[in-house]
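Single-letter residue listing:
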Amino acid sequence: MKTNLKLLLTILLTLVLLPFAYSQSNNNLRVVRGKTDTVTTSNHFVVGVAAPGSNIYINDQPVKQYSTGSFGTELILREGDNPITVRATLGATDVSESFTVFFKKVPILPRVDPITFFPKLVVKTKKGAYLNYGAGEDRLGGAKINFLAEGIKMELIDSTKNLYKVKLSENSYAFIPKQFTEKVAFGVAPPYSLTSSWSVSNAGKADRVRVSLENRQPYTIHRELDPNKLIIDIHGAACNSNWITQYLDLKAIDYVHLQQRASDVFSVIIKLKEAFSWGYTVDYVGNSLDITIKHTPEAIAIAAKPSLKGLVFGVDAGHGGSASGAVSPSGIKEKDLNLDMVFMLKEELEKRGARVVLSRSEDVDVAMQERLDIFKRENIDLMVSIHCNAGGNPLKPMGTSTYYRHIEYRTLAEVILRRLLELDVTNFGLVGNFNFSLNAPIEFPTVLVETLFMSSLPDEVLIADPAFRKEMMVRVAKGLEDYVKLVKKGSR
Ligand SMILES: [Zn+2]
């Protein structure tokens, strides 16, 4: 209590005496900045204070004085000694102060990187590169982590038949197909980066997060649904981000955050506003990691009630041309049924006001990459791929199934399956983490519909009937309507 009283007294005394101290020093000329003995830059600031209303001169040049009494100027120094005189006049008073600043020109030396010879092999990614979790293989290839941008260097740890095992960070590795890599000159080390500032902005039809790095580091992408988050782990990077600019007109992003998960793994955490996702991209622009997150299509966002009106659907007919797909016991080819069904689906979707982009509209070969390129070019909102299944017991109805790869599109596959099951067909199931290449894109939602089994005699009867095929496509369209309703509602 006693101490507090003492403190209070001191504060009171200071408050009473402060105006006197201030006005007293105000009568004098004081140079508060610029009286440096030696400087290494030619641009030099001189700042001072004198009684308000004075005329101020620095080296005989008049200088503006502000209402507070403060004044300042910028001088360009010559190499060597620079005499500086500051003068203030007010009525009969004429005060001045002189000092000398020595400008020492420092030669700019070229930056020399320390010589580091890296004694292991390093590979660099080419266009189309992707990471696999393991060396496992199945009919459609091993389980993918995600695609990687071009020009990312990684240390090579091991080599299997057609895969390299590469080091991502101190405690993690992955596998990459050899065809998507090239060797880097021996001795070059894999990159390491300190992260720098971020910007988070609205780029029109998508929100954009840009994280500055010193090099192109490998990254792995993760999703969390509840709450809806996109997480990107940047390997070989340490946090030095002390500045995250976030604009307030963001539509898809709620907020961004970061976490240093391991000493060399830096996580970019993006919390999304909506429960449903419409795709995103991850790429490098220079050495900055550039992440864009699509907004909910305007057709849904602005519509008073949910409908397919104004949406753009990519509809894919599996196989085609030399690729027949499955062939039924009676000789019906899957590619023909698929093509027939996409025209039926197109009609149903157009009837509901949507626009449809087909990956093929005749019996021709179209490569998977080409199908993706068509859909990306047309900027579709959502993709549906139509196939028929094969395998299993030929004497039993095997049924219908839908497939997704990314967890955020599980609901999409589920609502379509539920509609298909309104028909008298067997439930073959909802299949997740499926490695079909048209389920792999992250740029838009995708779903694969395996209508019925070509190889099942009871299923063959149904799928051979155009009226039944039409019924199935009506259900797919209704499933898509259900999906838009959930999006509009905002919860799955
Ligand atoms: Zn197929």
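The following refers to the structure shown. Given the structure is predicted, the values throughout are model-derived calculations rather than measurements.

This brings us to the sheet that holds strand β6 (residues 70-76). What the three strands build is an open sheet, ordered β1-β3-β6; its pairing is antiparallel. Two strands bound the open sheet, and with one partner strand each, they are β1 (30-33) and β6. Strand after strand, the sheet turns through a mean of 30 degrees between neighbouring axes, direction not considered. The pairing of strand β3 (residues 43-49) with β6 spans seven bridges and is classified as antiparallel. Looking at the pairing, V46 lines up with T73 of β6.

Here strand β30 (residues 400-403) runs beside strand β31 (residues 427-431); their pairing, made up of four bridges, is parallel. When the sheet's bridge partners are listed, T400 is paired in β31 with N427. As a crossover connection, the stretch from β30 through helix α5 (residues 410-420) into β31 is right-handed.

The next thing to look at is the coordination of the zinc ion. Every protein donor of the zinc ion is listed here as H319 (NE2), E334 (OE) and H387 (ND1), and their distances to the metal cover 2.1 to 2.2 Å. Expressed as a motif, the donor residue spacing for the zinc ion is H-x14-E-x52-H. Within this pair, whereas H319 is found in the loop between β27 (312-317) and α3 (334-351), its partner H387 is found in strand β29 (residues 382-389), the two being separated by 68 residues in sequence. For H387, a relative accessible area of 6% gives the class buried.

The next point concerns the packing of α5 against helix α7 (residues 466-489). Two numbers describe how α5 lies on α7: the axes approach to 8 Å, and their chain directions differ by 135 degrees. It follows from the interaxial angle that α5 and α7 lie oblique. Between α5 and α7 lies a crossing of right-handed hand. Judged by residue contacts, T411, L412, V415, I416, R419 and L420 of α5 engage M472, R475, V476, K478, G479, L480, D482, Y483 and L486 from α7.

Moving on, we get to the packing of aromatic side chains. In this structure the tally under the stated criterion is 11 aromatic pairs. Through successive ring pairs, a cluster of aromatic residues spans Y130, F147 and F180. If you follow K144 out to its NZ or CZ, it ends over the ring of Y130, 4.5 Å from the centre.

With that settled, consider the sheet that holds strand β17 (residues 198-202). Pairing in this open sheet of five strands is mixed, and the strands run β22-β17-β18-β26-β25 from one edge to the other. At either end of the open sheet lies a strand with only one pairing partner, and these are β22 (244-246) and β25 (280-285). The sheet shows a mean angle of 15 degrees between the axes of neighbouring strands, direction not considered. Both strand β18 (residues 206-212) and strand β26 (residues 288-294) contribute to a ladder of seven bridges, which runs antiparallel. Within β26, the position partnered with V209 by the bridge is I291.

What counts, and at which threshold
Residues numbered from 1 in each chain as written. Predicted model: local features only at pLDDT ≥ 70, side-chain atom pairs only at ≥ 80, totals over all residues. Heavy atoms only, no water. Pairing = 2+ DSSP bridges. Helix = DSSP H or I, 4+ residues; strand = E, 2+ residues; numbered from the N terminus. Axes fitted to C-alpha atoms, helices over the stretch in contact; angles between N-to-C directions. Right-handed = clockwise from strand over helix to strand, strands pointing away. Donors = N, O, S within 2.8 Å, 3.2 Å for Na, K, Ca; no water. Buried < 20%, exposed > 50% of the residue type's maximum accessible area, 1.4 Å probe, protein only. Parallel < 35°, antiparallel > 145°, perpendicular 65-115°, else oblique. Left-handed = near helix turned anticlockwise from the far one by under 90°. Contact = heavy atoms within 4.5 Å. Phe/Tyr/Trp six-rings, centres within 6.5 Å; stacked < 30°, edge-to-face > 60°. Lys NZ or Arg CZ within 6 Å of the ring centre and 35° of its normal.

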